[in-house]
Amino acid sequence: MTTRDGSVSDGHPSGNGTRLRLTRQARGFSQQQVADMAGVTRQAISGIESGASVPSLRVAIALSRALGLTVEELFGTDDTVVPVAVREVAPLGSKGARVTLALVGDGHVAMPLRGETVTRAGFLPAGGLVTEAAADGGRQRRTVRPVQPSRPTLVAAGCDPALPLLEAPLGRLDPPVAFTWWPCSSREALALAAEGLVHVAGTHLRGPGTEYNVGPAAGMLPRGGEVIGFCAWREGLLLRPGLAGDICGVTDLAERGLRLVNREPGAEARSLLDRELSAAGIKSGLLPGYDTRAAGHLQVAAAIAAGLADAGIASEPVARAYGLGFIPLAAEHFDLVIPAGQLASREVQSLLKVLSSAWLVDQLANLPGYDPARCGERIATLPRGRQPVTA
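If you're wondering where the values come from, they're calculated on a predicted model, not measured in any experiment.

Procedures and definitions
Residues numbered from 1 in each chain as written. Predicted model: local features only at pLDDT ≥ 70, side-chain atom pairs only at ≥ 80, totals over all residues. Heavy atoms only, no water. Helix = DSSP H or I, 4+ residues; strand = E, 2+ residues; numbered from the N terminus. Contact = heavy atoms within 4.5 Å. Areas by Shrake-Rupley, 256 points an atom, 1.4 Å probe, with all protein chains shown as cover. Buried < 20%, exposed > 50% of the residue type's maximum accessible area, 1.4 Å probe, protein only. Axes fitted to C-alpha atoms, helices over the stretch in contact; angles between N-to-C directions. Parallel < 35°, antiparallel > 145°, perpendicular 65-115°, else oblique. Left-handed = near helix turned anticlockwise from the far one by under 90°. Nonpolar A, V, L, I, M, F, W, Y, C, P; charged D, E, K, R; others polar. Pairing = 2+ DSSP bridges. Core = buried A, V, L, I, M, F, W, Y, C linked by side-chain atoms within 4.5 Å. Arc of directions from axis to C-beta. Polar contact = N/O pair within 3.5 Å; in protein donor to acceptor, adjacent residues only side chain to side chain. Phe/Tyr/Trp six-rings, centres within 6.5 Å; stacked < 30°, edge-to-face > 60°. Lys NZ or Arg CZ within 6 Å of the ring centre and 35° of its normal.

(A) Region of interest: the overall build of the protein. Within the protein one finds 14 helices and 16 strands. Intrachain contacts of the protein at a sequence separation of at least 6 include 70% that bridge at least 24 residues. On the protein, roughly 17,400 Å² of surface is accessible, and the fraction owed to carbon and sulfur atoms is 53%.

(B) Examining helix 4 (residues 57–67) more closely. The set of residues buried in helix 4 consists of V59, A60, A62, L63, S64 and L67. At the C-terminal side of helix 4, G68 shows a positive phi close to 75°.

(C) Quick peek at the packing of helix 2 (residues 31–38) against helix 4. Running from N to C, helix 2 and helix 4 point in directions that differ by 110°, and their axes come no closer than 8 Å. As summarised for this structure, helix 2 and helix 4 are arranged roughly perpendicular, according to the angle between their axes. Crossing hand, helix 2 versus helix 4: right-handed. Contact residues: V34, M37 and A38 in helix 2; A62, L63, A66 and L67 in helix 4. In terms of residue class, the contact of helix 2 with helix 4 is made up of 7 nonpolar, no polar and no charged.

(D) The sheet that holds strand 3 (residues 84–88), seen in detail. Sheet architecture is closed into a barrel: 5 strands sit in the order 3-5-4-6-7, paired in mixed fashion. If you compare each strand with its neighbour and ignore which way they point, the axes differ by 50° on average. Summarising the sheet, strand 3 and strand 5 (residues 107–112) pair through 3 bridges and their orientation is parallel. The residue bridging V86 from the neighbouring strand is H108, located in strand 5.

(E) Region of interest: the environment of G171. Take G171: it is sitting in helix 6 (residues 167–171). On the accessibility criterion, G171 (42% relative accessible area) is partly exposed. Separated by 179 residues in the primary sequence, G171 and S350 have C-alpha atoms spaced 9.9 Å apart.

(F) Structural context of the nonpolar core. One finds L166, F230 and L355 to be the most contacted residues of the largest nonpolar core, which totals 28 residues. Secondary structure elements with two or more residues in this core: strand 8 (153–158), strand 9 (178–183), strand 11 (225–239), strand 14 (325–339), helix 13 (346–355) and helix 14 (358–365). If you look at the next biggest cluster of nonpolar residues, it comprises 26 residues, including A90, V109, L205 and V214.

(G) Spotlight on helix 2. Buried residues of helix 2: Q31, V34, A35 and A38, and no others. In an axial view of helix 2, the angular spread of the buried residues amounts to 100°, which keeps them on one side of the axis. Looking at the residues trailing helix 2, positive phi occurs at G39, about 75°.

(H) Looking closely at the side chain of Q31. Of note, Q31 is situated in helix 2. Judged by its relative accessible area of 18%, Q31 is buried. Among the polar contacts made by the side chain of Q31, one reaches the side chain of R42 at a distance of 3.0 Å. Residue contacts for Q31: discarding those within four places in its chain leaves R24, R42, I45, S46 and E49.

(I) Focus on the packing of aromatic side chains. One pass over the structure, following the stated rule, counts 3 aromatic pairs. Between W233 and Y370, the aromatic rings sit 6.0 Å apart at their centres with planes inclined by 70°, giving edge-to-face as the arrangement. Taken together, the positions of W233 in strand 11 and Y370 in the loop between helix 14 and strand 15 (378–382) put the pair 137 residues apart, joining distant regions of the chain. According to the relative accessible area criterion, Y370 is buried, its value standing at 10%. Members of the aromatic cluster, joined through ring pairs, are F230, W233, F334 and Y370. When the ring centre of W359 is taken as reference, the NZ or CZ atom of R172 above it lies at 4.9 Å.

(J) Main features of the environment of P149. Mapping P149 onto the fold places it in the loop between strand 7 (141–146) and strand 8. Residues P149 and G127, 22 residues apart in the sequence, show an inter-C-alpha distance of 8.0 Å.

(K) Unusual backbone geometry, seen in detail. Residues D174 and P175 are joined by a peptide bond in cis, for which omega reads 0°. Considering the arrangement of structural elements, one finds P175 in the loop between helix 6 and strand 9.

(L) Looking closely at the pairing of strand 11. Burial runs high along strand 11: 14 of the 15 residues are buried. Two strands pair when backbone bridges link them, and strand 11 and strand 14 are joined in this way by 14 bridges, in the antiparallel orientation. What sits directly across from L237, in strand 14, is I327. For strand 11 and strand 15, the ladder comprises 4 bridges, and the chain directions are antiparallel. Bridge assignment links G225 to a residue of strand 15, and that residue is L382. Two strands pair when backbone bridges link them, and strand 11 and strand 13 (residues 311–315) are joined in this way by 5 bridges, in the antiparallel orientation. Each residue of the ladder has a partner; that of L239, found in strand 13, is A311.

(M) Just the pairing of strand 10 (residues 200–203), in detail. Burial of strand 10 is two-sided: the residues V200 and G202 facing one way and the residues A201 and T203 facing the other way are all buried. Looking at chain direction, strand 8 and strand 10 are connected through 2 bridges and run parallel. By the bridge assignment, A157 is partnered in strand 10 with A201. The sheet contact formed by strand 10 and strand 14 spans 3 bridges and is antiparallel. When the sheet's bridge partners are listed, G202 is paired in strand 14 with L336.

Below you can see the structure in the form of structure tokens.
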């Protein structure tokens, strides 16, 4: 039986309705909003989503146009889902590997769900599955079969474990924006931003003198961009419980032969350690564990708390969270660097909106060791091919 909206009632449930519902919800639309865009009634949308009716060709085309998909993508079977070409933020692994999928600029990017990126106290949902084996282990263009409807997603890279706090306010926008975080060093984050693989890079790189982020960002983003404040913290030496009263700096570590957990090359924490060792006249090879490579601040603290190392360089908020001793070595700014090509995107405009929200500032302020005074403040503009202009 054909309804007045052009849908066909057959009384049997349909998987197509589930896909319509998921796509609508991913884009943040109500049933009424989709109905208005497609020129049908809300009851027609409800009937299709519940499986009580099947859309006619006219309604299917109208809904697909309203949601920016083909009829096959919206109402086809799983076999009709066409893999999309992606650029890899990091090597994706073998066929069938789970990945996070997002649009950045005009194309899709994919991030592997493995190791440190697979969990935030539980498995994260995948956006797609890799469709073929890699030719080699390097980063390349691949194809991924989406396993859920795409939605606007802010992709951020950087090492600050407070970055996931952005997810909640972004999700409360109307329509909402999703969030995904690629944890990595500051230099890697800027490199990914320069390649157009992320919307925003979080960095705390020391430039000339005591300046942070503006100089390094200008050197790595020749097309320009914006530097926006996020927070400030102290970075220093984390110590396992019981050592805090006996250790005053890296000299004591070397003299006592204590084991270090280090960060990867490109991390400001590793650079800070190197500066401290150089100032004390200590060769890095004298420190056991110097060649280790922890992937972030939390990983440094976790290794020390687990008894795998005696000390390491990380931020004060992490030291406090793990109950470790802390010796401050530098006062740092963690800023968000946005490439010029991403500034007008919906994802970045949504980010700029939530950075000034009282909710986010309060959350940062309630984390011991964080200073959110510059959160959302424009720090500098990085003009194309010229020296940066500080705000």
